[in-house]
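Structural features, examined
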Amino acid sequence: MNIRRAKVIYFSPTRTTKKIMEDIAAGLQFETVESIDLTPPEMKTAAPDWISDELVLLGAPVYSGRVSPQAAERIGRFQGCGTPAVVVVVYGNRGYDDALLELRDIAVAAGFRPVAGAAFIGEHSYADSARPVALGRPDQNDLAKARKFGEGIRTKLDAMTPLEADAVLQVPGKAPYKERRKGEPVSPVTREDTCIKCGRCAEVCPEAAITVADTVVTETTACIHCYACVKNCPTGARRMEDPGLEKTAKWLSENCSARKEPEIFMQ
């Protein structure tokens, strides 16, 4: 398959998925690479887009073993015309469960033909110095593997026959997918004594759930627990203080700190 154009499409509130996708694209060494960031809230209502005659890289974070619902919705608006695709999920070192299978199925339903897939590790949303769950990842080793994956995709595409392209990419996971966890709406809070009202939290929120004026107001029911506001706050004023999520973060730190490595799947 003589393809030398790529479109990189990703949802990435804390930018870990973005880093992985960019390095995979760098490994392709294609003539033209276009990136589409689905994270900003205005992408919730962006018009559907048809894609053909290029390779599409689809990237999404894993939330509780599933593709982020926001990523699933925004990626699902694209339409491929039998276009080859690469599906990539990024998870916080616990496990990706059914997420890669779900992303593959989203891609197929949208008219793409997944030819490769991968699960990479990114810093967990709950991670900090006290709970270092995949802290600092993707690191240089991860990014080197992402570029190597990109090189492998290019080699595979160059040698791929029409019969191989039509085969179903096999990835781990089970259907029906893992049930999404439901709980009471909670969101990070702002410590007004250290908040400088810079507005950074509102800028990075993918759901436009934060308003900054004399005080910082968060629409709790819209919060998706991506922690972008927490990780981007320059003074540490944004904090998640919900006891249930704090308990989960402690469990993750105690049980999911052993380093995991990326997993690659090819046709």
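Structure shown above.
First, a word on scope: everything that follows refers to the structure included in this document. Being a predicted model, the structure only gives us computed values, none of them experimental.

What follows is about helix 1 (residues 16–28). Along an α-helix, a turn takes 3.6 residues, which lines up residues three or four apart on a common side. Relative to the 18 Å expected for 13 residues at 1.5 Å per residue, helix 1 spans 19 Å between its end C-alpha atoms, a close match to the ideal helical length. The set of residues buried in helix 1 consists of Thr16, Thr17, Ile20, Met21, Asp23, Ile24, Ala25, Gly27 and Leu28. In this structure, the buried side of helix 1 is in contact with strand 1 (5–10), strand 2 (32–37), strand 4 (55–63), strand 7 (83–91), strand 8 (112–121) and helix 4 (140–159). Within two residues after helix 1, glutamine 29 carries a phi angle of roughly 55 degrees, on the positive side.

So, on to the packing of aromatic side chains. Going through the model one piece at a time under the given rule, you end up with 3 aromatic pairs. Ring geometry for phenylalanine 120 and phenylalanine 149: centres 6.4 Å apart, planes at 45 degrees, overall tilted. Taken together, the residues phenylalanine 120 in strand 8 and phenylalanine 149 in helix 4 connect sequence positions 29 residues apart.

Following the sequence through the fold, arginine 74 ends up in helix 2 (residues 69–75). For arginine 74, the side chain forms a polar contact with the main-chain oxygen of leucine 38, separated by 2.7 Å. With near-sequence residues (within four places) excluded, arginine 74 lies in contact with Phe11, Leu38, Thr39, Pro40, Pro41, Met43, Lys44, Pro206 and Glu207.

Looking at the secondary structure, you find lysine 145 in helix 4. Between the C-alpha atom of lysine 145 and that of alanine 71, which follows or precedes it by 74 residues, the distance is 24 Å. Leaving out residues up to four positions away in the same chain, lysine 145 has contacts with Phe120, Glu261 and Pro262.

This part covers the layout of surface pockets. In this structure, the largest pocket occupies an estimated 1200 Å³ of space. Every residue lining the largest pocket is counted, 44 residues in all, and those nearest its centre are Tyr63, Ser64, Tyr126, Arg181 and His225. A per-element tally of the lining of the largest pocket places helix 8 (residues 243–255) first, with 5 residues. Considered class by class, the residues forming the lining of the largest pocket number 16 nonpolar, 19 polar and 9 charged. Lining the second largest pocket are 15 residues, with Asp128, Arg131, Val230, Arg238 and Arg239 positioned closest to its centre. The set of elements that each furnish at least two residues to the lining of the second largest pocket consists of helix 7 (228–232) and strand 12 (238–239). When its residues are assigned to classes, the lining of the second largest pocket shows 6 nonpolar, 2 polar and 7 charged.

Thresholds applied
Residues numbered from 1 in each chain as written. Predicted model: local features only at pLDDT ≥ 70, side-chain atom pairs only at ≥ 80, totals over all residues. Heavy atoms only, no water. Helix = DSSP H or I, 4+ residues; strand = E, 2+ residues; numbered from the N terminus. Expected span 1.5 Å × (residues − 1). Buried < 20%, exposed > 50% of the residue type's maximum accessible area, 1.4 Å probe, protein only. Contact = heavy atoms within 4.5 Å. Phe/Tyr/Trp six-rings, centres within 6.5 Å; stacked < 30°, edge-to-face > 60°. Polar contact = N/O pair within 3.5 Å; in protein donor to acceptor, adjacent residues only side chain to side chain. 1 Å grid on protein atoms, 1.4 Å probe; cavity = no way out; pocket = protein on both sides within 12 Å on 5 of 7 lines; lining within 4 Å. Points joined across faces, edges and corners; volume = space filled by probe spheres on them. Nonpolar A, V, L, I, M, F, W, Y, C, P; charged D, E, K, R; others polar.

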